[in-house]
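The residues making up each chain are set out below.
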Amino acid sequence: MKFLVVNGPNLNLLGTREPNIYGRQDYNALQKLVRDAAAEAGVEVEIFQSNHEGAIVDKIQAAMGDCDGIVINPAAYTHTSVAILDALKAVCLPAVEVHISDVSTREDFRQISYARLACVKTYMGLGFEGYRQAILFLKDYIEKQK
Ligand code: DQA
């Protein structure tokens, strides 16, 4: 089983970016957590980060036939991107949405998530741990579908 983990804009700046909201751990630490969680779940993982909406759409499309599920933190594109929503719908892969912060308690413009409409579950406000939970959940979810 293989998962694609997608991270959207500015997540490459974790550690220095608004540490009061996103913490002091950097993007390398997030990648390590994701790899460890994948090993724990017994799944292969590919990690992708981009600051560009079209690149994220291309990567989601490329997962079709290559991956069994997607974990995605679309970052700011969560709240704006119909293109990412449509890509997730188009590939028909189970997807889980992750946010490091608790977007439900933040600004009004963060209350809409387009990506969520194509996701089977959302984790928010758990910090990096949300990615681990998402990977474990997705493995379980896919196995139960069989
Ligand atoms: C985020 C929340 C988004 O609102 C924000 O634009 C991000 C990160 C999170 O992980 O908490 O860039 O997705």
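Above this text is the structure in question.
The rules behind these values
- Residues numbered from 1 in each chain as written.
- Predicted model: local features only at pLDDT ≥ 70, side-chain atom pairs only at ≥ 80, totals over all residues.
- Heavy atoms only, no water.
- Core = buried A, V, L, I, M, F, W, Y, C linked by side-chain atoms within 4.5 Å.
- Buried < 20%, exposed > 50% of the residue type's maximum accessible area, 1.4 Å probe, protein only.
- Helix = DSSP H or I, 4+ residues; strand = E, 2+ residues; numbered from the N terminus.
- Contact = heavy atoms within 4.5 Å.
- Salt bridge = Lys/Arg side-chain N within 4 Å of Asp/Glu carboxyl O.
- Axes fitted to C-alpha atoms, helices over the stretch in contact; angles between N-to-C directions.
- Parallel < 35°, antiparallel > 145°, perpendicular 65-115°, else oblique.
- Left-handed = near helix turned anticlockwise from the far one by under 90°.
- Nonpolar A, V, L, I, M, F, W, Y, C, P; charged D, E, K, R; others polar.

Draft legend 1. Region of interest: the nonpolar core. Formed by 25 residues in total, the largest nonpolar core has its most connected members in Leu14, Leu30, Val34, Val71, Ile100, Tyr131 and Ile135. With six residues, helix 2 (residues 27–41) is the single largest residue contributor to this core. Leave out the neighbours within four places in its chain, and Ile135 touches Phe3, Val5, Val34, Ala37, Ala38, Ala41, Val43 and Val71. Membership of the second largest hydrophobic core comes to 21 residues, among which are Val57, Ile84, Ala87 and Leu93.

Draft legend 2. Broad picture of the pattern of salt bridges. Using the criterion set out here, one finds eleven salt bridges in the structure. Across the salt bridge formed by Asp36 and Lys32, the nearest N and O atoms sit 2.7 Å from each other. Remark: Lys32 and Asp36 occur in helix 2; sequence separation between them is four residues, near one turn of the helix. A residue is classified by how much of its surface remains accessible, and Lys32, at 52% relative accessible area, is exposed. A salt bridge links Glu40 to Arg132, with the nearest nitrogen and oxygen atoms 2.8 Å apart.

Draft legend 3. Looking closely at the packing of helix 2 against helix 5 (residues 129–145). Where helix 2 meets helix 5, the axes come as close as 9 Å, and the angle between the chain directions of the two elements is 25 degrees. One way to sum up the angle between helix 2 and helix 5 is to call them roughly parallel. Crossing hand, helix 2 versus helix 5: right-handed. Facing helix 2, whose interface residues are Leu30, Leu33, Val34, Ala37, Ala38, Glu40 and Ala41, helix 5 presents Glu129, Tyr131, Arg132, Ile135, Leu136 and Lys139. Counted by class, the contact of helix 2 with helix 5 contains nine nonpolar, no polar and four charged residues.

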